[in-house]
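# Observations on the model geometry
This is what each chain is made of:
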Amino acid sequence: MLLYLSSNGKSGLTDFLEAQELVIKKLIGRFSLKQFVAKDLRNYAGCKYFAIDVSCIEEPLDDFIVALQSFQIMFDARIIPVLSEMENIDCYIGRLVDIGVTDIVTADSIDGIRDELAECLSADGRQRYKRLSESFKQDTAFEEAPKAKEIVKYKWNSRNVKIAIAGTQRRSGVTVTAFNLAAWLIARGASACYVEANTNRHLNWIVNIYDAEKDGEAYPVGDIDCYFTNELDKDYNFIIYDCGELKEPTTIFRKADIRLLCGSILPHEAKDYLQVLNACKDMDIHKLGLCVPKPLQEFCRESLSRDILIAEASHDLFDNNINGHIYFSIIERFILYKKVVKNRQLYDLSPFEQIT
């Protein structure tokens, strides 16, 4: 099935596909894509293709991309944005390619649109922007991080250790980093929760998307207990605070046991990072630089700080492996030992011992 969100003027673009025995569901009007993904798309979870006439979407580009990323997390369908007659089309193409959406329709004539739609629906999809995406991934390659072969359960020596995560700019990956860290810890035997300590209200949206029901003071999302306030009703090994964008250190950030600062450190954005670092100069902070192309990584370290950790971008809230080499280095002092079985014997090891 192809689900098509369309304006009145482009509602007939997919009619030629009906001869191919493809079931088409059209929804015509104006849409908030965030709200549609959060509340309505579950009714069309079986769709194989999701075509969007972008001119019928109410959100600006940044919010449109965030909504598509949420769609990518929750649904397995090919996204086909129709950008025909849109202004700033190159900006849309660049942002779409960045998140791996390459089946993009840009033609203005009816025949051209049909040809491009047909290519997007083919087995291999549209090749023009797929090649651009592959080039982008090569140009922005990260230093190779060690990949865990298996998830090891640890014994933890921690109680209510407060980890505060903040960003140097808006949309700098704070929320997904906080969730990824919680998922990483839980997968390795720790108890961890997420606390929204900012005014972004992202948690309200996440809770609605995942239909989380309140359990005590928490809203469990996946395996992660989420709190709207700092009124926790149980103990955890780690409490992770999402502090959002940080201009001046908040009380929670100052009093945290561990502090992470996320942000882009590309040359044209480094000044924002430096301003926050200067505001926090009396604190011990783990500095994360997100989405830094490999050719610029050494330059960024030299110009900002040698101890900046280069982190990969994540669009999956529950990814429990990404950037694990960074998280391990930050919390390893709280690990007592891990359990390993060899030759049917159970061995307790420190994190750094190996059985040969």
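Residues numbered from 1 in each chain as written. Predicted model: local features only at pLDDT ≥ 70, side-chain atom pairs only at ≥ 80, totals over all residues. Heavy atoms only, no water.

## Concerning the packing of helix α6 (residues 174-187) against helix α11 (residues 324-331)
At their nearest, the axes of α6 and α11 sit 11 Å apart, and the two run at 75 degrees to each other. Between α6 and α11, the angle falls in the class roughly perpendicular. Along the contact surface, α6 presents T177, N180, L181, W184 and L185, while α11 presents G324, Y327, F328 and I331. Here the residues of the contact of α6 with α11 sort into six nonpolar, three polar and no charged. (Axes fitted to C-alpha atoms, helices over the stretch in contact; angles between N-to-C directions. Helix = DSSP H or I, 4+ residues; strand = E, 2+ residues; numbered from the N terminus. Parallel < 35°, antiparallel > 145°, perpendicular 65-115°, else oblique. Contact = heavy atoms within 4.5 Å. Nonpolar A, V, L, I, M, F, W, Y, C, P; charged D, E, K, R; others polar.)

## Describing a negative patch on the surface
A cluster of like negative charges, contributed by D215, E217, E231 and D233, occupies part of the molecular surface. Within the secondary structure layout, D215 lies in the loop between α7 (202-209) and β8 (219-221). (Patch = residues over 30% accessible without salt bridge, like charges linked within 9 Å, V, L, I, M, F, W, Y side chains within 5 Å. Areas by Shrake-Rupley, 256 points an atom, 1.4 Å probe, with all protein chains shown as cover. Salt bridge = Lys/Arg side-chain N within 4 Å of Asp/Glu carboxyl O. Lys, Arg positive; Asp, Glu negative; His and termini not counted. Charge placed at Lys NZ, Arg CZ, Asp CG, Glu CD.)

## Focus on the environment of G9
Mapped onto the secondary structure, G9 falls in the loop between β1 (2-6) and β2 (24-28). On the basis of relative accessibility, which here comes to 75%, the residue G9 falls in the exposed class. Residues G9 and C56, 47 residues apart in the sequence, show an inter-C-alpha distance of 9.6 Å. (Buried < 20%, exposed > 50% of the residue type's maximum accessible area, 1.4 Å probe, protein only.)

## A look at the nonpolar core
The biggest cluster of nonpolar side chains holds 42 residues, and the ones touching the most others in it are W156, I163, I165, L185, F238 and I331. In terms of residue count, α6 provides more of this core than any other element does, 10 residues in total. In this view, F238 contacts W156, S158, V161, I163, L185, A190, S191, A192, C193, I331 and F334; residues no more than four positions away in its chain are not counted. (Core = buried A, V, L, I, M, F, W, Y, C linked by side-chain atoms within 4.5 Å.)

## Details of the pairing of strand β3 (residues 49-53)
Among the five residues that make up β3, five are buried, leaving the element largely enclosed by the rest of the structure. Taking every second residue as pointing to the same face, both faces of β3 are buried, with Y49, A51 and D53 on one and F50 and I52 on the other. Inspection of the sheet shows β1 paired to β3 by four bridges, in the parallel sense. The residue bridging Y4 from the neighbouring strand is A51, located in β3. Two strands pair when backbone bridges link them, and β3 and strand β4 (residues 78-82) are joined in this way by five bridges, in the parallel orientation. (Pairing = 2+ DSSP bridges.)

## What to know about the environment of K39
Tracing the backbone through its elements, the reader meets K39 in helix α1 (residues 33-40). Relative accessible area serves as the criterion here: at 49%, K39 is assigned to the partly exposed category. With 171 residues separating them in the primary sequence, K39 and Y210 have C-alpha atoms 9.7 Å apart.

## Thoughts on the packing of aromatic side chains
In this structure the tally under the stated criterion is 15 aromatic pairs. Ring centres of F31 and F36 lie 6.0 Å apart, and the angle between their planes is 75 degrees; on these two criteria the pair is classed as edge-to-face. In this structure F36 comes out as buried when scored by relative accessible area, which is 5%. When the ring of Y210 is compared with that of F318, the centres are 5.5 Å apart and the planes differ by 85 degrees; the resulting orientation is edge-to-face. Within this pair, whereas Y210 is found in the loop between α7 and β8, its partner F318 is found in the loop between β13 (309-311) and α11, the two being separated by 108 residues in sequence. The exposure class assigned to Y210 is partly exposed, which follows from its relative accessible area of 29%. Assessed through its relative accessible area of 27%, F318 is described here as partly exposed. (Phe/Tyr/Trp six-rings, centres within 6.5 Å; stacked < 30°, edge-to-face > 60°.)

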